[in-house]
Amino acid sequence: ILLRLAPGVDPHTHKYNTTGTVDSKFGFTKTTWEEAILAAMSAKNLRLIGLHMHLGSGIFETDPWQQAIDIILEFVARMVKKHGMPFREFDLGGGFGVQYDVNKPAPPLSTFAEVITTALTNKCRELKLPLPKLIVEPGRNIVARSAMALYTIGSIKNIPDVRTYVCVDGGMGDNIRHAMYGATHEAILANKPYEIDDQTVTIAGKFCESGDILIRDTTLPVSNTGDILAVADCGAYCIPMQSNYNAVLKPAIIMVRDGKAKMVRRRETFEDLTRCEA
């Protein structure tokens, strides 16, 4: 096993995506680190081989990793000397930022890799620790930009001097990210890709919640009922966080490669929703 430690470092992301601070449900806090290490080392059915941490998601800064590595490795050095703690693997988690907003570019993965490996190498050398096997979890960074969600525009509600709502046939049931933690996405009208974005609108879903917003204050060409809205960067958490809220059916998923399309998940039916009912 690896024991997950919360290093008490703020990665400066949304509070719902922050997992490595002191006030977090994740990981052992500093006051219980040594106790947890001793319990794991003495358990007959466990074999401790290293440590794990995860600072959060959507992190655009590199300093939090530097700080967390220093904090945890200093603890490791004490535990190795005091208890002979094994430290063969070190999993730093993931959370590397992805550019969901066209105006907010994320550092390339190579930047994170350089900071992490340099910090780990230098600190191990300083503390005379052997280099552990380094593990990272870059899942979102790999898949987030691989998918788009397509919606059909329905009603359009213009409130003079307030806001224009463009409503679509989906929403928080298939992408709850904005409702949960204010996530942003970019969108275009797929059937009007070259028209000028000259209208500021808010994309609203069809679910019975005022918080059912997909994108707030984005720019689009003049939209009409029946237009197809394409929302970018839906390849990471949109699909696994989908639900049947309001008894709405989940959409189909189409994989496209080399100009060929293949359905990899069919659209749900109402029979699917009632299948488990006695």
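Structure: see above.
### Topic: helix α3 (residues 109–127)
(1) Moving on: For α3, built from 19 residues, the straight-helix expectation of 27 Å at 1.5 Å per residue is met to within 8% by its first-to-last C-alpha distance of 27 Å.
(2) Moving on: Burial in α3 covers these residues: F112, I116, A119, L120, K123 and C124. Down the axis of α3, the sector holding all buried residues measures 120°, keeping them to one side. Among the exposed residues of α3, those oriented more than 90 degrees off its buried face are S110, E114, R125 and E126.
(3) Moving on: Residues of α3 that are buried sit in contact with α2 (63–83), β3 (89–94) and β4 (133–137).

### Topic: the sheet that holds strand β6 (residues 163–168)
(1) Moving on: If you walk across this open sheet you meet the six strands as β7-β10-β5-β6-β8-β9, and the pairing is mixed. Because the sheet does not close on itself, it has two edges, and the strands there are β7 (187–189) and β9 (213–220). The average undirected angle you get between the axes of adjacent strands in this sheet is 35°.
(2) Moving on: Examined bridge by bridge, strand β8 (residues 199–204) and β9 share five bridges and lie antiparallel to one another. Bridging across to β9, V201 finds its partner in T218.

### Topic: the packing of aromatic side chains
Centre-to-centre distance and the angle between the planes together describe a pair of aromatic rings.
(1) Moving on: Tallied over the full model, the rule gives six aromatic pairs.
(2) Moving on: Look at W33 and F75: their rings are 5.0 Å apart centre to centre, the planes differ by 65°, and that puts the pair in the edge-to-face class. Taken together, the positions of W33 in helix α1 (residues 33–42) and F75 in helix α2 put the pair 42 residues apart, joining distant regions of the chain.
(3) Moving on: What makes F75 buried here is its relative accessible area of 3%.
(4) Moving on: Considering the side-chain rings of W65 and F96, the 5.0 Å spacing of their centres and the 25° angle between planes classify their relative orientation as stacked. With W65 in helix α2 and F96 in the loop between β3 and α3, the pair connects residues that are 31 residues apart, well separated along the chain. Each member of the pair, W65 as well as F96, is classed as buried.
(5) Moving on: Connected via pairs of aromatic rings, a cluster forms that spans W65, F96 and F112.
(6) Moving on: Cation over ring: R177 sits above Y100, and NZ or CZ is 4.3 Å from the ring centre.

### Here we look at the packing of α1 against α2
(1) Moving on: Axis separation between α1 and α2 bottoms out at 11 Å; the angle between their running directions is 50°. In terms of their interaxial angle, α1 and α2 are classed as oblique. The element α1 and its partner α2 pack so that their crossing is right-handed. Across the interface between the two elements, W33, E34, I37, L38 and M41 from α1 touch I71, I72, F75, M79, K82 and H83 from α2.

Conventions we followed
- What you see as residue numbers is a count from 1 along each chain, following the sequence as written.
- Residues qualify for local features only when their pLDDT is at least 70, as the model is predicted, and side-chain atom pairs are given and counted only at 80 or more; totals for whole chains, interfaces and linings, by contrast, use all residues.
- Remark: hydrogens and water are excluded; side-chain values derive from all non-hydrogen atoms of the structure.
- Numbering of helices and strands starts at the N terminus; helices are DSSP runs of H or I of at least 4 residues and strands are runs of E of at least 2.
- How far a helix is expected to stretch is found by multiplying one less than its residue total by 1.5 Å.
- Note on exposure labels: buried denotes an accessible area under 20% of the residue type's maximum, exposed denotes more than 50%, and partly exposed covers the range between, all computed with a 1.4 Å probe on protein chains only.
- Each direction from the helix axis to a C-beta atom contributes to the arc, which is the arc of those directions.
- It only takes one pair of heavy atoms within 4.5 Å for two residues to be counted as in contact.
- Strands are labelled as partners when DSSP assigns at least two bridges between them.
- For helices, the fitted line uses only the C-alpha atoms of the stretch in contact; every axis is such a line through C-alpha atoms, and the angle between N-to-C directions lies from 0 to 180 degrees.
- We call Phe, Tyr and Trp rings a pair once their centres come within 6.5 Å, taking the six-membered ring for Trp, and we label the pair stacked below 30 degrees between planes, edge-to-face above 60, and tilted otherwise.
- Two thresholds decide whether a charge sits over a ring: the Lys NZ or Arg CZ must be within 6 Å of the ring centre and within 35 degrees of the ring normal.
- Orientation is classified from the angle alone, with under 35 degrees giving roughly parallel, over 145 giving roughly antiparallel, 65 to 115 giving roughly perpendicular, and any other angle giving oblique.
- Should the near helix be turned anticlockwise from the far one by less than a right angle, the crossing is termed left-handed; should it be turned clockwise, right-handed.

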